[in-house]
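One letter stands for each residue in the lines below.
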Amino acid sequence: MGRNIAPMTRLVDRVRPVLSRRTTAPALMMAIGALTLLLGARQASQPPDLNALARAALSRIDGSTTLTGLRAPVEVIRDRWGVPHIYAQSLDDLFFAQGFVVAQDRLWQMEMYRRMYRGELSAIMGPGYVAHDRLARLLRFRGPHDEREWTSYHPAGRRVFDAFARGVNAFIAQAGTRLPVEFTLTGVEPGRWTAEDLVLRTQTAMPLADAIAELRLAREVLRVGADSANRLARPSPYRALVLPEGLDLAQLDSAAITALQALRTGDVKPPLLPAYAALEGSGASVNNGVQEDSPGSNNWVIAGRLTRSGKPIVANDPHRAVANPSFRYIVHLDAPGYRAIGATEPVLPGVMIGRTERLAWGLTIVGTDQSDVYVAPLDDAGRVQIAGVWEAPRVVREVIAVKGAPSDTATLRLTSRGPVFHIDQTRRMAYLLRSTAHLPGSAGYLSALRYPALRDCREFLDAQRYYLAPTENMICGDVDGNIAWQASAASPRRPNWHGRLPVPADGRYEWRGLRDDLPREFNPSRGWIATANHDIHPEGYDPPLFFKRGPARERQDRLEQQFAMTGPFDAAHSRQLQHDAFNAAGARDARLFAGWTTQDAEAERLRAALAAWDGQHTRESLAAAAYRFVGPQLVARMRADAPPTAGVLENALLVARDSLRARFGADMTQWRWGRFNRSELPHPFVAAYDAPAVERHGGAGFVAAVGATYREVFDLVHPDSSWATNLPGQSGQPGSPFYANLVEPFGRAEYFPLAFTREAVERVAAHRLRLLPGRSR
């Protein structure tokens with residue numbers, strides 16, 4: 001082999017510059033890049049190294065690069081935390097640059113998103129994903145992609161989305177052989193992005209859970225009866241469960257639920273090419289970290305009369321699964337007439353959660369029911385009967401490419417009430433999904449593109465008529481001192497039913513447009529607004545927008561308790577409150593361990609820690625770790641109406657001691673709450689690229705719940721009075737200095753400043769990249 005390296009290397013050197021000028025040969029460019037790396041390793045008499053491969057694929061973040069499609073130069077300053085500050089001279093160049101920059105950091109994540117929601121995963125994953133692809137295609141918004149769609153998000157919406165997509169494609173072309181390492185390892189080719197890819201309805205905007213809940217509740221009604229099923233569901237707000245007329249629930253097909261569960265929205269783990277599959281660290285790690293198991297988002301806005309600065313404070317920690325890379329990406333956009341900073345999702349242009357010079361906003365899930373299951377008769381010709389009329393569905397046939405197998409054909413049937421997601425051939429019934437996701441303008445979050453043009457929270461409330469999905473508690477604070485909230489979403493008006501069970505498609509249960517009476521507040525007299533995924537219905541509001549499973553008020557009660565305290569409040573208080581992990585029962589029970597001692601040395605240390613405990617589940621807390629085992633024993637005694645005696649308390653300590661020793665060993669320095677509340681951040685499919693795990697404050701049920709990987713706090717007193725964090729880092733490229741740089745600061749509950757003014761950005765600048773316009777050919 002050694003004699004052949006030199007000519008092969010010369011061949012690579014001659015071919016690379018030719019390929020780098022082309023945009024139509026991504027697979028060949030990746031092959032050349034991989035060959036270059038392999039030859040380098042062979043010349044050094046070493047096997048290829050996964051970390052070396054990752055470093056060789058890193059994007060350029062300094063210097064300059066020429067891009068066809070730009071009209072004028074753009075400056076990209078990355079600060080010391082990896083946040084890109086993009087300065088452009090026009091709206092088109094701004095969003096072109098955003099697409100380019102985000103692709104630099106997150107192209108693999110973006111490509112998996114695009115394939116997931118277009119229904120194109122089978123092409124890289126094989127037959128196991130055909131059912132997913134078929135359902136994803138069935139549920140897609142089928143248009144028309146016209147001005148009603150584009151201008152719902154922004155008056156110049158089509159220009160914005162076209163520019164962003166062109167920026168992503170420009171990065172793919174410019175990267176040549178230096179695409180993110182995952183493309184090299186798997187042989188996957190990045191697709192060409194379009195404006196339509198940016199408005200795919202994702203799991204946050206496609207309310208499948210509502211439809212599945214209807215079918216499950218119907219099954220419970222058959223099992224235990226309507227009243228018992230309703231009590232078991234614990235609906236909040238509570239309403240009697242009324243069975244629909246004209247539909248025998250006993251005739252529902254149980255397979256309909258399965259039909260809606262085919263989406264696979266977790267990590268995509270394509271196999272590595274043989275050249276890399278045997279390398280050290282090439283397998284996927286198992287994520288044994290604590291997971292987000294409940295809604296956990298919080299937001300609040302405090303009026304200036306209650307703050308130290310005299311201006312409103314806006315805070316938000318929206319929750320999603322803890323993942324590597326993060327679901328969110330922080331960006332600063334600056335062009336004439338358009339300035340904003342905050343978080344978006346990598347595939348979404350603009351800033352979806354953040355601030356401008358004039359106002360700041362945040363969001364938490366409301367839970368509005370945005371879909372209904374309709375059951376319709378089906379005739380032998382394939383027509384469905386809707387409102388007494390036989391309707392022939394529009395049939396769309398698409399070919400699904402399948403890796404390692406023949407292609408599959410998806411036959412999609414679309415009706416005036418939504419797609420047919422299941423057919424009961426025995427009973428000749430079709431199941432239809434009516435969803436707000438099939439309305440123009442219902443792609444998630446994107447109406448936030450309008451917010452940089454708003455002057456105050458009154459205009460913010462007016463702009464909520466464009467906000468259709470997902471269902472969010474949208475809060476606002478502005479520099480004039482106003483605060484506001486609305487339970488925003490496209491909310492179907494159901495005049496004669498609550499949407500909790502499937503209904504017949506015979507015309508008796510029809511939407512009457514969308515509701516225009518959504519709950520909202522503007523400058524409430526109490527001086528603050530807070531939401532925490534709780535039941536937000538005002539007193540007397542009917543019919544309800546949704547039915548939650550129980551009131552779930554623990555976090556909301558804690559927030560209200562904090563804001564009932566005498567101010568003034570400041571940004572430091574909001575940052576601290578986002579990490580609050582107060583356990584009221586624990587603080588109460590801790591008093592039981594004061595004023596006595598026990599003979600066992602380890603149990604005595606646990607007792608002393610509990611006696612001094614403030615009830616906070618901080619990551620270093622020995623008392624919180626002990627209470628994990630002590631608390632259930634005390635609860636059991638109290639339920640038995642037997643107050644704990646000294647013997648019971650001492651035995652509880654011994655049980656805690658033995659449990660902690662068995663789990664973490666004899667070293668008591670390892671007995672801390674963070675060992676339980678530990679987030680792991682594995683790469684989706686390459687262990688060598690795992691980010692380090694991190695122990696955290698809080699946990700399920702606390703204000704500091706598990707899924708808060710992005711946090712923001714804004715004081716409207718000044719544009720630079722802003723703080724944020726984003727776990728594990730801004731970049732999704734292994735080997736980048738911004739891949740996992742925020743992990744340990746996140747565990748320590750630390751934030752970094754979001755620089756908004758140019759002076760502040762210059763003070764924290766770490767890397768500069770100039771994007772220069774090239775000639776069109």
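Look a little higher up for the structure.
Keep in mind that this is a model prediction, so the values were computed, not measured.

**Quick look at the overall build of the chain**
Check the secondary structure of the chain and you find 22 helices and 29 strands. The C-alpha radius of gyration of the chain comes to 28 Å, within 12% of the 28 Å expected for a compact globule of 777 residues. The principal-axis extents of the C-alpha atoms in the chain amount to approximately 85 × 75 × 55 Å. For the chain, the share of sequence-separated contacts (at least 6 apart) that also reach a separation of at least 24 residues comes to 72%.

**Some remarks on helix 10 (residues 208-224)**
Here helix 10 contains 17 residues, and its C-alpha end-to-end distance of 25 Å stays within 8% of the 24 Å for a straight helix at 1.5 Å per residue. Burial in helix 10 covers these residues: L208, D210, A211, I212, E214, L215, L217, A218 and V221. In the core, the buried residues of helix 10 are packed alongside helix 6 (130-139), helix 11 (226-233), helix 12 (255-259), strand 11 (371-377), strand 16 (418-424) and strand 17 (429-435). G225 lies just past helix 10 and shows a positive phi near 95°.

**Let's talk about the sheet that holds strand 27 (residues 722-726)**
Strand order in this open sheet of six strands is 22-5-6-26-27-28, and the pairing throughout is antiparallel. In the strand order of this sheet, the two ends are held by strand 22 (528-531) and strand 28 (752-753), each with one partner. With four bridges connecting them, strand 5 (residues 298-302) and strand 22 associate as antiparallel partners. Paired with N299 across the two strands is T531, which belongs to strand 22. Strand contacts of helix 15 (residues 554-563): strand 5 and strand 22, with the helix running at about 160° to strand 22, the strand carrying the most contacts.

**Digging into the pattern of salt bridges**
Scanning the entire structure with this criterion turns up 49 salt bridges. Between D570 and R308 there is a salt bridge whose closest N-O contact spans 3.6 Å. With D570 in the loop between helix 15 and helix 16 (571-577) and R308 in the loop between strand 5 and strand 6 (313-317), the pair connects residues that are 262 residues apart, well separated along the chain. Taking the shortest distance from any N to any O, the salt bridge between E680 and R678 comes out at 2.6 Å. Among the charged side chains, a network of salt bridges with common partners joins E111, R114, R115, R118, E120 and D197.

**Observations regarding the packing of aromatic side chains**
In total, this model carries 20 aromatic pairs according to the counting rule given. Centroid distance W150 to F161: 5.4 Å. Interplanar angle 45°. Geometry classified as tilted. Within this pair, whereas W150 is found in helix 7 (residues 147-153), its partner F161 is found in helix 8 (residues 157-175), the two being separated by 11 residues in sequence. Side by side, W150 and F161 carry an identical accessibility label, which is buried. The structure contains a cluster of three or more aromatic residues connected by ring pairs, namely W300, W528, F563 and F569. Between the NZ or CZ atom of R494 and the centre of the ring of W497, over which it lies, the distance is 6.0 Å. Against the face of F547 rests R500, its NZ or CZ located 4.9 Å from the ring centre.

**Re the packing of helix 18 (residues 601-611) against helix 20 (residues 646-664)**
Running from N to C, helix 18 and helix 20 point in directions that differ by 110°, and their axes come no closer than 9 Å. By the angle between their directions, the pair helix 18 and helix 20 is classed as roughly perpendicular. For the pair helix 18 and helix 20, the contacting residues are E602, A603, L606, R607 and L610 in the first and L653, L654, A656, R657, L660 and R661 in the second. Class assignment for the residues of the contact of helix 18 with helix 20 results in seven nonpolar, no polar and four charged.

**A look at the packing of helix 10 against helix 11**
Running from amino to carboxyl end, helix 10 crosses helix 11 at an angle of 125°, the nearest separation of the two axes being 7 Å. Considered as vectors, helix 10 and helix 11 are oriented oblique to each other. Judged by the twist between their axes, the crossing of helix 10 over helix 11 is right-handed. Residue-level contacts link L217, E220, V221, R223 and V224 of helix 10 to A226, S228, A229, L232 and A233 of helix 11. Grouping the constituent residues of the contact of helix 10 with helix 11 by class yields seven nonpolar, one polar and two charged.

Procedures and definitions
- Residues numbered from 1 in each chain as written.
- Predicted model: local features only at pLDDT ≥ 70, side-chain atom pairs only at ≥ 80, totals over all residues.
- Heavy atoms only, no water.
- Helix = DSSP H or I, 4+ residues; strand = E, 2+ residues; numbered from the N terminus.
- Rg over C-alpha atoms; globule rule 2.2 N^0.38 Å.
- Contact = heavy atoms within 4.5 Å.
- Expected span 1.5 Å × (residues − 1).
- Buried < 20%, exposed > 50% of the residue type's maximum accessible area, 1.4 Å probe, protein only.
- Pairing = 2+ DSSP bridges.
- Axes fitted to C-alpha atoms, helices over the stretch in contact; angles between N-to-C directions.
- Salt bridge = Lys/Arg side-chain N within 4 Å of Asp/Glu carboxyl O.
- Phe/Tyr/Trp six-rings, centres within 6.5 Å; stacked < 30°, edge-to-face > 60°.
- Lys NZ or Arg CZ within 6 Å of the ring centre and 35° of its normal.
- Parallel < 35°, antiparallel > 145°, perpendicular 65-115°, else oblique.
- Nonpolar A, V, L, I, M, F, W, Y, C, P; charged D, E, K, R; others polar.
- Left-handed = near helix turned anticlockwise from the far one by under 90°.

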